[in-house]
Amino acid sequence: DTGVSQDPRHKITKRGQNVTFRCDPISEHNRLYWYRQTLGQGPEFLTYFQNEAQLEKSRLLSDRFSAERPKGSFSTLEIQRTEQGDSAMYLCASSLGRWGRDHEQYFGPGTRLTVT
Amino acid sequence: GQQLNQSPQSMFIQEGEDVSMNCTSSSIFNTWLWYKQDPGEGPVLLIALYKAGELTSNGRLTAQFGITRKDSFLNISASIPSDVGIYFCAGQTLYNQGGKLIFGQGTELSVKP
């Protein structure tokens, strides 16, 4: 079963360091989404890709955050100069993104980031 | 960011009891989805609803898409210990918004054997 995978599962970093997360979507899924989830809250949308094109970015995505999906397959999310407020679970989801049920999003296990 | 109003925030029930939770929004959605999340894991899709008034079942789970398209509820019948977790509703608008999900705050379910 090739579901959505994320790497690493856990990351502890010191404030000011840069971190990069990777997401591998379900094969043939055209759309890839990034969400952030803090303790006790539901996930919040960050950005999404249609193939390799980044089509929308949330206001939550400050200029320290950058996401790429260079070949329309896997995606990376980089956070520069991390702050303690960046500590959260970063979730990736993918969908076929055509019509109807193709928009159902399937999530990966997440990357838990702790900034000390 | 925008979130839906989900209630209750938590529930403590006895095994075998039925559970009901709901979600409301000030905005209209094309699709309502319900997810379950275990600690340290990503959300798992349980049920997706596509039409106002639609009632859909998945095993012991039943969900409905409200007529006004601004609300949805999820029922779990005859709860079992493995139902423990956090349940999230999510609304989705496909047109002009790319299909991003707007989530509720979650309902934490505890089941006593």
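See the structure shown above.
To start, this report covers the structure provided alongside it. Quick caveat: nothing in here was measured; it's all calculated off a predicted structure.

Parameters at a glance
Residues numbered from 1 in each chain as written. Chains lettered and ligands numbered in written order. Predicted model: local features only at pLDDT ≥ 70, side-chain atom pairs only at ≥ 80, totals over all residues. Heavy atoms only, no water. Helix = DSSP H or I, 4+ residues; strand = E, 2+ residues; numbered from the N terminus. Rg over C-alpha atoms; globule rule 2.2 N^0.38 Å. Buried < 20%, exposed > 50% of the residue type's maximum accessible area, 1.4 Å probe, protein only. Contact = heavy atoms within 4.5 Å. Areas by Shrake-Rupley, 256 points an atom, 1.4 Å probe, with all protein chains shown as cover. Lys, Arg positive; Asp, Glu negative; His and termini not counted. Charge placed at Lys NZ, Arg CZ, Asp CG, Glu CD. Core = buried A, V, L, I, M, F, W, Y, C linked by side-chain atoms within 4.5 Å. Pairing = 2+ DSSP bridges. Axes fitted to C-alpha atoms, helices over the stretch in contact; angles between N-to-C directions. Disulfide = S-S within 2.5 Å. Phe/Tyr/Trp six-rings, centres within 6.5 Å; stacked < 30°, edge-to-face > 60°. Lys NZ or Arg CZ within 6 Å of the ring centre and 35° of its normal.

### A look at the overall build of chain A
If you tally the helices and strands in chain A, you get zero helices and eleven strands. When the elements of chain A are put in sequence order from the N terminus, they spell out β-β-β-β-β-β-β-β-β-β-β. For 116 residues, the compact-globule formula gives about 13 Å, and the C-alpha radius of gyration of chain A, at 14 Å, lands near that figure. Dimensions of chain A, computed from C-alpha atoms along their principal axes, come out at roughly 40 × 25 × 25 Å. Residues counted as buried form 48% of the 116 residues belonging to chain A. Within chain A, contacts between residues separated by at least 24 positions form 54% of all contacts whose residues are at least 6 apart in sequence. About 6000 Å² of surface is accessible on chain A, with carbon and sulfur atoms providing 44% of the total. Positive and negative side-chain charges in chain A, numbering 16 and 14 respectively, have mean positions lying 5 Å apart.

### Description of the nonpolar core
Among the nonpolar cores identified, the biggest contains 22 residues, and Trp32(B), Trp34(B), Leu74(B) and Leu109(B) are the most heavily contacted of them. Counting residues per element, the ones that place at least two in this core are β2 (10-14), β3 (19-24), β4 (31-37), β5 (44-49), β7 (61-65), β8 (71-76), β9 (85-92) and β11 (107-112) of chain B. Listed in part, the 18 residues of the second largest apolar core include Val19(A), Phe21(A), Leu61(A) and Val115(A).

### Some thoughts on the sheet that holds strand β1 (residues 5-7) of chain B
Residue and element names in this part refer to chain B. Taken together, the five strands give an open sheet; going across it, the order is β1-β3-β8-β7-β6, and neighbouring strands pair in antiparallel fashion. Whereas interior strands pair on both sides, the edge strands pair on one side only; in this sheet they are β1 and β6 (55-58). Strand-to-strand twist in this sheet, taken as the mean axis angle between neighbours without regard to direction, amounts to 15°. The pairing of β6 with β7 spans four bridges and is classified as antiparallel. Pairing of Leu55 across the sheet is with Gln64, part of β7.

### Overview of unusual backbone geometry
Residues and elements named next belong to chain A. With an omega of -5°, the peptide bond running from Asp7 to Pro8 counts as cis. Tracing the sequence through the fold places Pro8 in the loop between β1 (5-7) and β2 (10-13). Positive phi, normally seen in glycine, also occurs at Arg81, with a value near 50°. By the secondary structure assignment, Arg81 is in the loop between β8 (75-79) and β9 (88-95).

### Let's talk about the state of the cysteines
Disulfides are covalent bonds that connect the sulfur atoms of two cysteines. Inspection of the entire model under this criterion finds two disulfides over all chains. What pairs with Cys23(A) in a disulfide is Cys92(A), and their sulfur atoms sit 1.8 Å apart. Its torsion about the S-S bond being -65°, the disulfide of Cys23(A) and Cys92(A) is classed as left-handed. Of this pair, Cys23(A) sits in strand β3 (residues 19-24) while Cys92(A) sits in strand β9, and the two are 69 residues apart along the sequence. Cys92(A) carries the same exposure label as Cys23(A), and that label is buried. Disulfide pairing places Cys23(B) opposite Cys89(B) at an S-S distance of 1.8 Å.

### Quick look at the packing of aromatic side chains
Across all of its chains, the model carries 13 aromatic pairs over all chains by this definition. A ring pair is formed by Tyr35(B) and Phe103(B), whose centres lie 5.9 Å apart and whose planes are at 45°; its orientation type is tilted. Placement of Tyr35(B) in strand β4 and of Phe103(B) in strand β10 (residues 101-103) is noted, with a sequence separation of 68 residues between them. One aromatic cluster is present, formed by Tyr33(A), Tyr35(A), Phe45(A), Tyr48(A), Phe107(A), Tyr35(B), Phe88(B) and Phe103(B) through successive ring pairs. The side chain of Arg22(A) reaches across the aromatic face of Phe74(A), ending 3.9 Å from its centre.

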